[in-house]
Structure formats: structure tokens, C-alpha cells
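Letter by letter, the chains look like this.
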Amino acid sequence: MAKEHPHQYELTDVVRTYGHGPDRVQAVDGISLTIDPGDRLGLVGESGSGKSTLIRMLAALDRPTSGQILFEGHDITGLPERRLGFLRSAVQIVFQDPRSSLNPRMTAGDIITEPLRSPVLRRRSDVPTDRARRLAEVIDQVGLPADTARRHPHEFSGGQRQRIALARALAPRPRVLIADEPVSALDVSLRAQVINLINDLVDEYGLTLILVTHDLAVVRHLCTSVAVMQAGMVVEQGATAEVTAEPRHPYTQELLSSVLTLDP
Ligand code: ADP
Ligand code: MG
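Going along each chain's sequence as written, the residues are numbered from 1 onward. As a convention, the first chain written is A and the first ligand written is 1, with the rest following in written order. Predicted model: local features are reported for residues with pLDDT of at least 70 only, side-chain atom pairs are reported and counted for 80 or more only, and whole-chain, interface and lining totals are derived from all residues. Side-chain metrics rest on all non-hydrogen atoms present in the structure, leaving aside hydrogens and water.

1. Focus on the site of ligand 1
Near ligand 1 you find Tyr-18, Val-25, Ala-27, Glu-46, Ser-47, Gly-48, Ser-49, Gly-50, Lys-51, Ser-52 and Thr-53, and these make up its full shell. Separating an oxygen atom of ligand 1 from a backbone N or O atom of Gly-50 is a distance of 3.0 Å. For ligand 1, an oxygen atom lies 2.9 Å from a polar atom in the side chain of Ser-52. Areas reported as accessible are Shrake-Rupley estimates using a 1.4 Å probe. Residue values count occlusion only from the protein chains shown. About the coverage of ligand 1: the protein hides 58% of its 560 Å² of free accessible area. Helix and strand assignments come from DSSP, with helices taken as H or I runs of at least 4 residues and strands as E runs of at least 2, each series counted from the N terminus. Mapped by element, the contributors of at least two residues to the shell around ligand 1 are β2 (25-35) and α1 (51-58). For the shell around ligand 1, the leading source of residues is α1, giving three residues. Tallied by class, the residues present in the shell around ligand 1 amount to three nonpolar, six polar and two charged. If a single non-hydrogen atom of a residue is within 4 Å of a molecule or strand, that residue counts as near it. We call two N or O atoms a polar contact when they sit within 3.5 Å, provided that within protein one can donate a hydrogen and the other can accept it, with sequence-adjacent residues counted only if both atoms are side-chain atoms. In the scheme used here, Gly and all other residues not listed as nonpolar or charged are polar, with Ala, Val, Leu, Ile, Met, Phe, Trp, Tyr, Cys and Pro taken as nonpolar and Asp, Glu, Lys and Arg as charged.

2. Notes on the pattern of salt bridges
A side-chain nitrogen of Lys or Arg and a carboxyl oxygen of Asp or Glu constitute a salt bridge if their distance falls within 4 Å. Counting across every chain of the model gives 10 salt bridges. Note that Arg-88 and Glu-81 form a salt bridge whose closest N and O atoms lie 2.7 Å from each other. Each residue is assigned to one of three classes by its accessible area relative to the maximum for its type, calculated with a 1.4 Å probe on protein chains only: buried under 20%, partly exposed between the two thresholds, exposed over 50%. A relative accessible area of 39% places Glu-81 in the partly exposed class. Linking Glu-114 and Arg-168 is a salt bridge whose minimum nitrogen-to-oxygen distance equals 2.7 Å. Here Glu-114 is found in helix α4 (residues 108-117), whereas its partner Arg-168 is found in helix α7 (residues 158-170), with 54 residues between them in sequence. A relative accessible area of 26% means that Arg-168 is categorised as partly exposed.

3. Examining the packing of α4 against helix α6 (residues 131-141)
Each axis is a line fitted through C-alpha atoms, and for a helix only the stretch in contact is used; angles between axes span 0 to 180 degrees, taken between their N-to-C directions. Packing of α4 against α6 brings their axes to within 10 Å, and their N-to-C directions diverge by 125°. Of the possible angle classes, the one that applies to α4 and α6 is oblique. Pair α4 / α6 crosses with right-handed handedness. Residues Gly-109, Ile-112, Thr-113, Leu-116 and Arg-117 of α4 form the contact with α6, whose participating residues are Arg-131, Arg-134, Leu-135, Val-138 and Ile-139. Angle categories: roughly parallel below 35 degrees, roughly antiparallel above 145, roughly perpendicular from 65 to 115, and oblique for all the rest. Should the near helix be turned counterclockwise from the far one by less than a right angle, the crossing is left-handed, whereas a clockwise turn marks it as right-handed. Residues are treated as being in contact if the distance between any of their heavy atoms lies within 4.5 Å.

4. A short note on the sheet that holds strand β10 (residues 233-239)
Here, any two strands with at least 2 DSSP bridges between them count as paired. Pairing is mixed across the open sheet formed by six strands, whose spatial order is β6-β7-β8-β3-β9-β10. Strand pairing shows two members of the sheet lacking a second neighbour, β6 (91-94) and β10, which therefore form its edges. Geometrically, the sheet is characterised by an average inter-axis angle of 15° between neighbouring strands, direction not taken into account. Pairing analysis gives five bridges linking strand β7 (residues 176-180) to strand β8 (residues 208-212), with the strands arranged parallel. Bridging from a neighbouring strand, Leu-177 pairs with Leu-209 of β8.

5. Some words on the nonpolar core
Among buried residues, those of type Ala, Val, Leu, Ile, Met, Phe, Trp, Tyr and Cys that are joined through side-chain atoms within 4.5 Å constitute a nonpolar core. Within the largest apolar cluster, 48 residues are counted, with the highest numbers of intra-cluster contacts made by Ile-112, Val-142, Ile-164, Leu-166, Leu-177, Ile-198 and Leu-222. Among the elements that make up this core, the one with the highest residue count is helix α8 (residues 188-205) (seven residues). Aside from chain neighbours lying at most four places away, what touches Ile-112 is Leu-135, Val-138, Ile-139, Ile-164, Ala-167, Arg-168 and Ala-171. Val-28, Ile-35, Leu-87 and Ile-210 belong to the second largest nonpolar core, which has 30 residues in total.

Here's what the structure looks like:
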């Protein structure tokens, strides 16, 4: 039975292990946390600390080895794909490199409306049914030209391709946007624009944002809270302002000082 005001996510001792024997990797090593509707959580941590593994499990693209994940009060830990429709319409994910995440043979229009045509989502009442109209709407919202739909990914710049990925993520009117390093493959000069766009879209749709980044400036701009990961665990967590002003964990202090010295 779902609680009346459930958390958006409730994770209890989530573990994800890859491989066996001496090759065994504990990618996520016992994470318990809650995320509430409208939260804007930044996940930071060095490469290999388990950030991508964690968010893949939040998007039900991967499953915990042990532990439990509740989404809006429903246990999704062992649910088969055919019963994940409620999550597939509500949770959308944007990846780091739009060059590899967008199918080069499809038109931008087909890429953006693909989630609306998927069998799990098509029958859901909360997913827009007028696909042409929704397509035009999201293309406009992400600031792409009106003739975007019939063009192919290679005809766009890196920043525009990430806008296509965002339009696709928004098309089914999700409640949660997960983004894995959404600007780190982009030219530095384009990053601020895409960050501002994400900020506007999160506001406009009232989205819960879960954002992986190694850039604390991105966290400061987009996230109200931050969780710092190291070796598959969350080693520090709190309001962005507090964590960045007074980091308690040595790893967070190190992360902050390395950013400060890189900042011109
Ligand atoms: P991050 O996103 O923080 O860089 P990842 O979640 O990608 O970290 O990886 C965490 C650890 O799990 C790393 O040691 C990585 O090599 C390992 N890992 C991730 N995915 C797989 C996989 N599919 N098979 C085997 N090992 C994996
Ligand atoms: Mg990663």
C-alpha cells in the first residue's frame, strides 16, 4: 500500500555489485537516502565512485543486487519491465554525450517523440496524445528552430543536440529529470546556456532534478542539496550552501579546494 505523501524516492541500503570473485566491483555500496518532490539533488564524486550506477537504478535501467528502492511509495526493486510504465512516463534521463545517445539515423522529430510512441507509455493517460503538437511545444521550449523535427542529429551543434535530448526527455511530461553530466561533453562556452535552460525547464515543470556532475559550479547553480559519493557510498550530504561553505568530510574538502584552485 502506497503512503499518502510518499517520498519521490526512498532508498534503503542499496547495493550494486558487478562481476564475481576477484573481479567483483562494489559499484554502489549501501546507499540509503530519500528524495522528495521538487528536490534538486546534485550527485558529485570522483570518477568510478558509483554515481552513474546509482542513477541508472533510480531510472530502473539497472537493478540493485540488494536493498530496496521505492518510487513514489511503490517498490520498484524487482518489478518487470511490463509493470514499470508508471515510472517510465514519470522519470526521464539525459546522458552526457548527445552524440552517442541520439540515434543518427532518426530525424530529431522521431527521436523526440519516441518516448510518446513506446508501448509502455502510449496507453498512459498522463502522457500527451497529440504528438505533433507536443513535438512543436517542446522544440520551442528548448529553444530549437521550428524546422528541427525533419533534420538529423549530425546537422546540429553539440549544444543543440543536448537540447534535442532535453526535448525528448520532456515530451512525456515527466515529474523527475535525471541528468548524467549533461554539460561536460559540451564546449565550455555553451555550458552556461544549457545549464540555464535546465534551470528554466525544472522551474517551469516543477521537476525533481537529480543531477550528476563533477563540477561544483554546476551544483551551485542548479541544486539545492548535494550528496558527495566516494567508493560507492554517500560520504556527505546536505544543503548545497552548507556543504560548500563548510565541508565536513576530508574528501569534500579536497573536492572543493581542487575546484577553487581551478576557478580563475
Ligand atoms: P561514476 O559514474 O561515479 O564514474 P560508475 O557508476 O560508472 O561511476 O562506476 C562505478 C564502478 O562500477 C566503477 O568501478 C566501474 O568500473 C564499475 N562498473 C560500472 N558499470 C559496470 C558494468 N556494467 N560492469 C562492470 N563494472 C561496472
Ligand atoms: Mg558516470
